[in-house]
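# Observations on chain architecture
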Amino acid sequence: MCEFCHKHGEGKKWYLQAQNYSEDLLSDLRRRKFIGEFFQYPDNLEEKVGELDKLRQAPSFVRAVMTPFMLNRQKKVHYGQVVPVEDIDRILGFVNSVVRLPCMCRQVTVGSEQRYCYGVSMVPQSESQFTQILREIDAAYLTGPNTSGLETLSKELALTSIHELEKKGLCHTVWTFMAPFIGGICNCDRSDCLAMRATVTMSFPVMFRAEYVAGVNPDLCNGCRQCMRVCQFGAMGYSIAHEKVIIDPRRCYGCGICRSSCTKNAIGLDERSKIPLASRLW
Ligand code: SF4
Ligand code: SF4
């Protein structure tokens, strides 16, 4: 179990606790202000990545002091976790509303609107309170330059869309907007997602690994290597001697994306806590 499961999940998967998506948390004025500023100023994200780049080049004693300080601050405001699609399905099972949003990271990195993010919340009415907050910030944000209308999705359509993104190799993540409130599900990749860049290539993890680790069943694997093409974390290797793929549990983030490219159903996910080599790696 990751740190957030202990802090915000009573020892269970924190992102499956309905109270962490609740209207009560979202009603907090400080949190609403934070969400407003987050969506109003996408350039702040770029600035943060610039700061991380500077930190990476700083002398080691500066990094040793500053990194834990900055990480603690990040965990209080906007932090994520990799989540396999089965748990996304569980989350969609209890939230009341889903709205599809343009991805803030892609606005910065690609410079165009890419609707890879989903705002979720627990509210009695069909329209998300997340949506209402965004509308207060700027009505045009939700309609975007090239789309018409508000994109409120049924849970079924949201899940189908997320499955399609999985086939493209995108990794699912959940995000806090001032912990423990969870307001978003994102679909990330290493080249365009600033959070994944910070985590994987800048050694500044802004997301936990999943509560799972993948493993290959050698009896089913035919060595085709299709799965290796989608792993964004460099966790897979090919054994020439055995003509099979192997997964390094120390590098696996447990996203489960590799499974969707395996026609032999040779890859499964195990609870991270049961894999000694990975149980303490987050
Ligand atoms: S895609 Fe499946 S069968 Fe092919 S190498 Fe990977 S695990 Fe083995
Ligand atoms: S090996 Fe691990 S990190 Fe790589 S795609 Fe599979 S589950 Fe994700």
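Up top is the structure these notes are about.
The paragraphs below set out a description of the structure included in this document.

Conventions and cut-offs
- Counting starts from 1 at the beginning of each chain's written sequence and moves along it residue by residue.
- Whichever chain is written first is A, and whichever ligand is written first is 1; the rest continue in order.
- Totals for whole chains, interfaces and linings use all residues, but because this is a predicted model, local features are given only for residues with pLDDT of at least 70 and pairs of side-chain atoms are given and counted only at 80 or more.
- The basis for every side-chain value is the complete set of non-hydrogen atoms in the structure, without hydrogens or water.
- Under the DSSP-based scheme used, a helix requires at least four consecutive residues in state H or I and a strand at least two consecutive residues in state E, with every element numbered from the N terminus.
- Think of it in three bands: residues with accessible area under 20% of the maximum for their type are buried, residues over 50% are exposed, and the middle band is partly exposed, with areas taken using a 1.4 Å probe on protein chains only.
- Contacts are assigned to residue pairs with any non-hydrogen atoms lying within 4.5 Å of each other.
- Only the stretch in contact is used when fitting a helix axis, every axis being a line fitted to C-alpha atoms; angles between N-to-C directions are given from 0 to 180 degrees.
- Note on residue categories: nonpolar means Ala, Val, Leu, Ile, Met, Phe, Trp, Tyr, Cys or Pro, charged means Asp, Glu, Lys or Arg, and polar means any other residue, Gly included.
- Criterion used throughout: strands pair if DSSP finds at least two bridges between them.

With respect to the element layout, histidine 78 can be found in the loop between helix 5 (60-77) and strand 1 (80-82). The class of histidine 78 is buried, set by a relative accessible area of 12%. Contacts of histidine 78, omitting those with residues within four sequence positions, involve Phe34, Phe38, Trp175, Thr176 and Phe177.

So, about the packing of helix 4 (residues 43-57) against helix 5. Running from N to C, helix 4 and helix 5 point in directions that differ by 145°, and their axes come no closer than 9 Å. Here Leu52, Leu55 and Arg56 of helix 4 come into contact with helix 5, specifically with Val62, Arg63, Met66, Thr67 and Met70. Its residues assigned to classes, the contact of helix 4 with helix 5 shows 5 nonpolar, 1 polar and 2 charged.

All right, on to the pairing of strand 5 (residues 171-176) then. A large share of strand 5 lies buried, amounting to 6 of its 6 residues. Here strand 5 shows two buried faces, one formed by Cys171, Thr173 and Trp175 and the other by His172, Val174 and Thr176. Both strand 1 and strand 5 contribute to a ladder of 3 bridges, which runs antiparallel. Its bridge partner lying in strand 5, glutamine 81 is registered against valine 174. Pairing analysis gives 6 bridges linking strand 5 to strand 6 (residues 182-188), with the strands arranged antiparallel. Bridged to threonine 173 within strand 6 is cysteine 186. Turn length for the strand 5-strand 6 hairpin, with the two strands adjacent in sequence and antiparallel, is 5 residues, and the turn residue methionine 178 shows positive phi of about 65°.

Interpretation in functional terms is not warranted from these geometric data alone.
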